[in-house]
Amino acid sequence: MAVLDIISSILLIAGVFFGLSGAIGLFKFPDFFTRVHAASVTDSIAAILIIGGLLLQTSFDLNTAKLLFILLFLMITSPTASHALAKSARHGGLLTLEETKDGQQEQGQ
Amino acid sequence: MTGVLAAVCIAILVVIGIALARAFKAPTVYDRILGVNMFGTKTVLFIAVVGFMMGRPDFLDIAIVYALINFIGMVAVLRFFEYTAPVE
Amino acid sequence: MRIGKWAALLSLFWILLSGYIQPLLLSFGAISVVIVLIVLKRMDDVDKEPINISSGLRMCRYLTWLVGQIIISSVEVTKLVWGPTNKLSPTLAKISAKNSPKKAHALYANSITLTPGTLSVDLENDEITVHALHKSSIDELKKGEIEQKITKIWGGNK
């Protein structure tokens, strides 16, 4: 195995690990807004690491550019999507954990 | 190297499975959308990894198209639910 | 000038995605670029907020700094996921974005969301509503490190 292959495998496996912890956070965290956090972790860090790992396996041609474009696109859209999600949840009347604790009626859970 | 890529594929499939489980069973409608969103982004990564594993980098084009469709679909669904969502 | 920049960017994008250098396909690309430019022009007339492509080294430096931030804070959030959940202290707070130029507000809010641990929920009247997993990250945002970076790139309040 060449050195590049080893670095690339490490990056790929690290990316998958972050992705997995985000998916578990999706079930483990107590309220909706904290769960959005868990998802945004996976989106940004797993995309960077996995695509970085794949980048090392290209021979620096058109595929490299395409991979970089996918990365750029994910980095722009994933925070936008999480923001849109949080905003529409807020407008839809979902309360945060703190507000629920402050004597409001039970929500969601 | 193919072995590592295959393992990564299986692990991403597990993550996709968890996200789908969340989409099927969640306390609020927004949690479901969150699950679907994570499913979408992980699918983009999955397609890219599979393309490299099978030595067919043309799969990257499909990944780009999927990323675009996923984002537009998300925004459309959220626009629909922004003011009309039933709080379950 | 601005149209020229967009034309160059779009042509580059077409060649990147197609990868073929044949007269037929290149002419299809030229037609698509022209159509997109016409749509862009019409949308600018409605919008009255033309968007310039900011190029250069400073943007690259900002992006590398952002990636560093993402790595640091995602490690923290991952620790929270695998550890006990009672360490969480979710907070909602309003951050003022008055000092950064109006054009860069979207970039600012996007940066806040991209650094995990903080999430921008709403943006109105120069104020960003931020949700954070930890009270400490709100304090850090209030110091305005990201805002200073963005103001440096986009050149102050216009």
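None of the values given here were measured: they were computed from a predicted structure.

With that settled, consider the overall build of chain C. The helix and strand tally for chain C stands at six helices and three strands. Overall, chain C shows an N-to-C arrangement of helices and strands of α-α-α-β-α-β-β-α-α. Expressed as a percentage of the 158 residues in chain C, the buried residues total 37%. For chain C, long-range pairs separated by at least 24 residues make up 69% of all intrachain contacts whose partners lie at least 6 apart in sequence. Summed over all atoms, the accessible surface of chain C reaches about 9600 Å², with 64% contributed by carbon and sulfur.

Before going further, it helps to examine the pairing of strand β2 (residues 118–124) of chain C. All names here are of chain C. Here β2 lies mainly inside the structure; five of its seven residues are buried. In this sheet, strand β3 (residues 127–132) lies alongside β2 in antiparallel orientation, the contact comprising six bridges. Across the sheet, residue E124 finds its bridge partner in β3, namely E127. Linkage of β2 to β3, two consecutive antiparallel strands, is achieved through a turn of two residues, within which N125 is found at a positive phi near 50 degrees.

Below, the discussion takes up empty space enclosed by the protein. What the rule picks out here adds up to three cavities of 30 Å³ or more. Volume-wise, the largest cavity comes out at about 80 Å³. Considering the residues around the largest cavity, the lining is formed by 13 residues, among which L74(A), T77(A), N37(B), T41(B) and N70(B) are closest to the centre. Of all the secondary-structure elements, those providing two or more residues to the lining of the largest cavity are α3 (62–91) of chain A together with α2 (29–53) and α3 (59–81) of chain B.

Looking now at helix α1 (residues 3–28) of chain A. A rise of 1.5 Å per residue sets the reference length of α1(A), with its 26 residues, at 38 Å; its end C-alpha atoms lie 37 Å apart and thus fit the reference within 8%. All buried positions along α1(A) are accounted for by S8(A), S9(A), L12(A), G15(A), V16(A), F18(A), G19(A), S21(A), G22(A), A23(A), G25(A) and L26(A).

So, on to the domain arrangement of chain C. Entries for chain C in the domain assignment read domain 1 (2–47) and domain 2 (57–154). Its C-alpha centre places domain 1 of chain C at a distance of 34 Å from the equivalent point of domain 2 of chain C.

Reading the values: rules and limits
- Residues numbered from 1 in each chain as written.
- Chains lettered and ligands numbered in written order.
- Predicted model: local features only at pLDDT ≥ 70, side-chain atom pairs only at ≥ 80, totals over all residues.
- Heavy atoms only, no water.
- Helix = DSSP H or I, 4+ residues; strand = E, 2+ residues; numbered from the N terminus.
- Buried < 20%, exposed > 50% of the residue type's maximum accessible area, 1.4 Å probe, protein only.
- Contact = heavy atoms within 4.5 Å.
- Areas by Shrake-Rupley, 256 points an atom, 1.4 Å probe, with all protein chains shown as cover.
- Pairing = 2+ DSSP bridges.
- 1 Å grid on protein atoms, 1.4 Å probe; cavity = no way out; pocket = protein on both sides within 12 Å on 5 of 7 lines; lining within 4 Å.
- Points joined across faces, edges and corners; volume = space filled by probe spheres on them.
- Expected span 1.5 Å × (residues − 1).
- Domains from an automatic or database assignment.

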